[in-house]
Amino acid sequence: MMGAHSVISFLLLAAVLLLSEEVTAFQSSLVGSAFTSIRSSSSSSSQVVTSLYSSLDADPLGPGSSRNSASSPKMKKKDLRSLQRFLEVECWRSPNIRNLDRTLLAVADACKQINRIVQRAQTDDLYGAAIDPLTGEIAEENVQGEVQQQLDVLCNTIMLRAFCGASNNVVCAVASEEEPLPRTCADVMGYDNMIQSGEYVAVFDPIDGSKNIDASLPVGTVFGIYRSPEGSSAGRDGVNLDSFLQRGTKMVAAGYCLYSATTVLVLTLGSGVHIFTLDPDKQQFLQTHPNVRIPELGSLYSFNEANYREFSEPVQKFLTNMKQAGALGGKKVSSRYVGALVADVHNILINGGIYGYPATRDNVNGKLRLLYESAPMAMIMEQAGGAGSTGHGRILDVLPPQPKKNKGGDESDAASDEEAGKGIHVRVPTYLGSVENVYELEQCFRYYGEEEDNN
């Protein structure tokens, strides 16, 4: 005779089986309706999946994946104008820069090379001080008083050859942050007794913020191009210093390359600012932001506030006022500082605000060089509707120190190199950004600062 416990167990088992059948039936009906819903929306879901696949021609899962690459959908590319086409049209319609298209394309190619070098710096042992190939010893300090790094030397060589190696030879001389004095393109390319016939000179900082690479932070390249004055003649070593020591208003082109999450080339030819983004698939710069305009008023400020106590009273007042404002242009005031000129200025250009590298007690003229950092960036800002100031006036109006002349009108051999170096590498306090922000900064200098001595 079945015990009471056995009867209870049997009844529980029967109840469980009955419940299981009902659950199974419910699940079947639920799954069936779900499949019906999926089938009805298969077309739209297919499009969503398509948009998520990589745009690479190869299978995004890798060469060893099991997915059929022949049927792999691709991300749709935008129909964008290439840098080459842009330069062809712009240089054709502007007689004063008609011959610069090949040179600027060579600079763009140099930026691609530097971009690859920056990405490989961690894996290809490109860190550390440069070694003199002749002596095997650490290279000497550069004109900035810094020991040259391997990256600095390599990127400098790439930019030198980009400006001087273009087939149309319109650039006759170059000046770099890494070189004490300007050099003729004949010297750069190793040509002897070559007559310099180019009508332009180029200035550049080959790798701005190179210390950021250690922390995988953005770095960049800055450049500007001047037309040589009419009637100018070459001086010692074939270099005409008058072609370099001009006001920024004489620049015909300026730009920078930013190596970051994307690689961008920002360029002005004197008629607006345009941004080109490097397509990693095609390895081409494509025009993604035509006719860029900076907001008239921005809420961002980019200063190294660790030096706040070293700033002059006008700068301190300006920063205090901006923070106390709480919001500007409808946005909350915010500080962003990367520590690389190109990265910080690009952020201000896109979002609005002000970038500043003021004078300090230890660096009474700041640390940015006029010729190949401050002036090109000021030209870009002004062409985008912004402003560039020293705190006392336009950066582009600043004339670099001119070498002294002897009675015969020639440069004094004894002091010419030193004086030329002062002009080429002169520093200025630099403020760049939205016109309203820069105006307010100049007002602080007017009311709280001493007048600048221009004599």
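A short tour of the structure in this document, coming up. The structure presented is a predicted model; accordingly, all values stated were derived computationally and were not measured. (Residues numbered from 1 in each chain as written. Predicted model: local features only at pLDDT ≥ 70, side-chain atom pairs only at ≥ 80, totals over all residues. Heavy atoms only, no water.)

**Notes on the sheet that holds strand β7 (residues 273-279)**
Phase 1: Read across the open sheet, the eight strands follow the order β2-β1-β3-β4-β5-β6-β7-β8; overall the sheet is mixed. The sheet terminates laterally at β2 (183-184) and β8 (284-289), the two strands that pair on one side only.
Phase 2: Both strand β3 (residues 200-208) and strand β4 (residues 219-227) contribute to a ladder of seven bridges, which runs antiparallel. Paired with Phe-204 across the bridge in β4 is Phe-223. (Pairing = 2+ DSSP bridges. Helix = DSSP H or I, 4+ residues; strand = E, 2+ residues; numbered from the N terminus.)

**A closer look at the packing of aromatic side chains**
Phase 1: Considering all chains together, one arrives at six aromatic pairs under this definition.
Phase 2: Plain terms: the ring middles of Phe-86 and Phe-276 are 5.1 Å apart, the flat faces sit at 65 degrees to each other, and that makes the pair edge-to-face. Of this pair, Phe-86 sits in helix α3 (residues 83-93) while Phe-276 sits in strand β7, and the two are 190 residues apart along the sequence. Comparing Phe-86 with Phe-276 shows no difference in burial state: the two are buried.
Phase 3: Following the ring pairs from residue to residue traces out a cluster consisting of Phe-303, Phe-318, Tyr-431 and Phe-445. (Phe/Tyr/Trp six-rings, centres within 6.5 Å; stacked < 30°, edge-to-face > 60°. Buried < 20%, exposed > 50% of the residue type's maximum accessible area, 1.4 Å probe, protein only.)

**Quick notes on the packing of helix α9 (residues 341-351) against helix α10 (residues 370-383)**
Phase 1: Put simply, α9 and α10 touch, their axes get as near as 12 Å, and they point 15 degrees apart. Here α9 is positioned roughly parallel relative to α10, judged by the angle of their axes. Considering only the axes of α9 and α10, their crossing is right-handed. In this structure, α9 uses Leu-341, Val-342, Val-345, Ile-348 and Leu-349 to contact α10, whose residues at the interface are Glu-373, Met-377 and Met-381. (Axes fitted to C-alpha atoms, helices over the stretch in contact; angles between N-to-C directions. Parallel < 35°, antiparallel > 145°, perpendicular 65-115°, else oblique. Left-handed = near helix turned anticlockwise from the far one by under 90°. Contact = heavy atoms within 4.5 Å.)

Shape is all these values report; function is a separate question.
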